[in-house]
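# Inside the fold
Spelled out, the chains give:
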Amino acid sequence: MMAYGERINVKTRRELDRMREAARHVAEILLEMREMAKPGVTTGEINTAAERSIDRRGVGSSFKGYGPHGMPAFPAVVCISLNEEIVHGIPGPRELENGDILSLDFGVYVDGFHGDSAVTLPIGEIDDESRALLETTRASLYCGIEQMLSGNRVSDIGHAVQKRAESAGYSVVRQFVGHGIGRSLHEPPQIPNFGPPGKGARMRPGMVFAIEPMVCVGDCEVEILDDDWTAVTADRSRSAHFEHTVLVTENGPEILTQMSGSH
Ligand code: MG
Ligand code: MG
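Predicted model, so just to flag it, every value in this text is computed and none were measured. (Residues numbered from 1 in each chain as written. Chains lettered and ligands numbered in written order. Predicted model: local features only at pLDDT ≥ 70, side-chain atom pairs only at ≥ 80, totals over all residues. Heavy atoms only, no water.)

### Topic: the overall build of the chain
Scanning the chain from terminus to terminus reveals 4 helices and 15 strands. Taken over the C-alpha trace, the chain has a radius of gyration of 17 Å; the compact-globule value for 263 residues is 18 Å, and the two agree within 12%. Each of the three principal axes of the chain carries a C-alpha extent, and together these read 45 × 45 × 40 Å. Taken across its 263 residues, the chain has 55% of its residues classed as buried. For the chain, the share of sequence-separated contacts (at least 6 apart) that also reach a separation of at least 24 residues comes to 71%. Working note: accessible area of the chain is about 11,100 Å², and carbon and sulfur atoms make up 47% of it. One way to put it: in the chain the 26 positive side-chain charges average out to a point 9 Å from where the 38 negative ones average out. (Helix = DSSP H or I, 4+ residues; strand = E, 2+ residues; numbered from the N terminus. Rg over C-alpha atoms; globule rule 2.2 N^0.38 Å. Buried < 20%, exposed > 50% of the residue type's maximum accessible area, 1.4 Å probe, protein only. Contact = heavy atoms within 4.5 Å. Areas by Shrake-Rupley, 256 points an atom, 1.4 Å probe, with all protein chains shown as cover. Lys, Arg positive; Asp, Glu negative; His and termini not counted. Charge placed at Lys NZ, Arg CZ, Asp CG, Glu CD.)

This is the structure:
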């Protein structure tokens, strides 16, 4: 778990313009990757395409080279995690297979401001259990986003996520959390996907958070593989991850990383 300071940034209109721009590129490139995600394609090919799109657009990768706390720098522009992998999978020669579930977690920055979003996709025909996992994880993200109202408390988000996921019989990962986002990819506050409501800072217009539930079919215990990055479920049950970058406004939450056709 990362240690964050306490202060939650409130963005200016000018800063929000840059964040909207970053978030739009994130959503568009995620849609491009989604188009490619078919049996036989390697995760490395998806990463290469995303990197080319980043270069073409003249934006920066939030993930490539990222290495907090002495960890090895992340070598790719997108985290690609399959099946029992929860998050932080490294793209490579592995080919997508019919029945896989594929998580893409992606971020870029524009003029120093970041956007961050993730989606889990079915590859070909997936089993009913996996389909229900994807639906529940996406629904739990939206339950969390609905709590992003001015005056609500930060922990109202995670409480709503947990309630939705657990009522469907799934577990939520404790080890990784949502986060504030702006000039840094990870800013205060930390936003766990569990816990009681009514705790933490009050949300205010201009705050921007990345909400990102990770939900498991089995137990939520996490193991890290030898590459120091890939997080898998200890029981090797399947896991899904959905994320949006969301702004608190006077009129409710505004999902910055959403566009027509995205999750
Ligand atoms: Mg992310
Ligand atoms: Mg994130």
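Text resumes after the structure shown.
### Description of the pattern of salt bridges
Side-chain pairing between opposite charges can occur once the charged atoms of the two side chains come close. Within the structure shown, the criterion is met by 12 salt bridges. Between Arg24 and Glu28 there is a salt bridge; the shortest N-O distance is 3.0 Å. In this pair, Arg24 and Glu28 are both assigned in helix 1 (residues 13-36), 4 residues apart and thus about one turn of the helix distant. By relative accessible area, Arg24 is classed as partly exposed at 34%. Salt-bridge contacts for Glu51 lead to Lys64; the nearest nitrogen and oxygen are separated by 2.7 Å. One end of the pair, Glu51, is in helix 2 (residues 43-57); the other, Lys64, is in the loop between strand 1 (60-61) and strand 2 (78-82), and 13 residues separate them in sequence. Taking relative accessible area as the criterion, Glu51 reaches 24% and is therefore assigned partly exposed. Judged by relative accessible area, Lys64 falls into the partly exposed class, the value being 41%. (Salt bridge = Lys/Arg side-chain N within 4 Å of Asp/Glu carboxyl O.)

### Some points on the environment of Glu135
Looking at the element boundaries, Glu135 is found in helix 3 (residues 128-146). Here Glu135 falls in the exposed class, since its relative accessible area comes to 52%. Spatially, the C-alpha atom of Glu135 lies 9.4 Å from that of Ala240, the residues being 105 residues apart in sequence.

### Concerning the state of the cysteines
In total, this model carries 0 disulfides according to the counting rule given. In this model Cys143 remains outside any disulfide bridge; the closest cysteine sulfur is found in Cys216, 17 Å from its own. Looking at the unpaired Cys216, the closest cysteine sulfur is the one in Cys220, lying at 6.4 Å. Residue classification places Cys216 among the buried positions, given a relative accessible area of 0%. (Disulfide = S-S within 2.5 Å.)

### Observations concerning the coordination of the magnesium ion (ligand 2)
Those donors, Asp116 (OD), His179 (NE2), Glu212 (OE) and Glu243 (OE), are the protein atoms that reach the magnesium ion (ligand 2), and they lie 2.1 to 2.2 Å from it. Mapping the donors of the magnesium ion (ligand 2) onto the primary sequence gives the spacing D-x62-H-x32-E-x30-E. Separation of the magnesium ion (ligand 2) from the magnesium ion (ligand 1) amounts to 3.1 Å, with Asp116 serving as a shared donor to the pair. One end of the pair, Asp116, is in strand 5 (residues 113-122); the other, His179, is in strand 7 (residues 178-180), and 63 residues separate them in sequence. (Donors = N, O, S within 2.8 Å, 3.2 Å for Na, K, Ca; no water.)

### Here's the deal with the sheet that holds strand 11 (residues 222-224)
Two pairing modes exist for strands in a sheet, parallel and antiparallel, and in both the strands are linked by backbone hydrogen bonds. If you walk across this open sheet you meet the 3 strands as 3-12-11, and the pairing is antiparallel. In the strand order of this sheet, the two ends are held by strand 3 (85-87) and strand 11, each with one partner. Strand-to-strand twist across the sheet, computed as the mean angle between neighbouring axes with direction ignored, equals 45 degrees. Where strand 11 meets strand 12 (residues 231-233), 3 bridges bridge the pair, whose relative direction is antiparallel. Looking across to strand 12, one finds that Ile224 is bridged to Ala231. (Pairing = 2+ DSSP bridges. Axes fitted to C-alpha atoms, helices over the stretch in contact; angles between N-to-C directions.)

### A closer look at the pairing of strand 8 (residues 187-191)
Across the 5 residues that make up strand 8, a large majority, 4, are buried. The pairing of strand 7 with strand 8 spans 3 bridges and is classified as antiparallel. Within the sheet, the bridge partner assigned to Gly180 lies in strand 8 and is Glu187.

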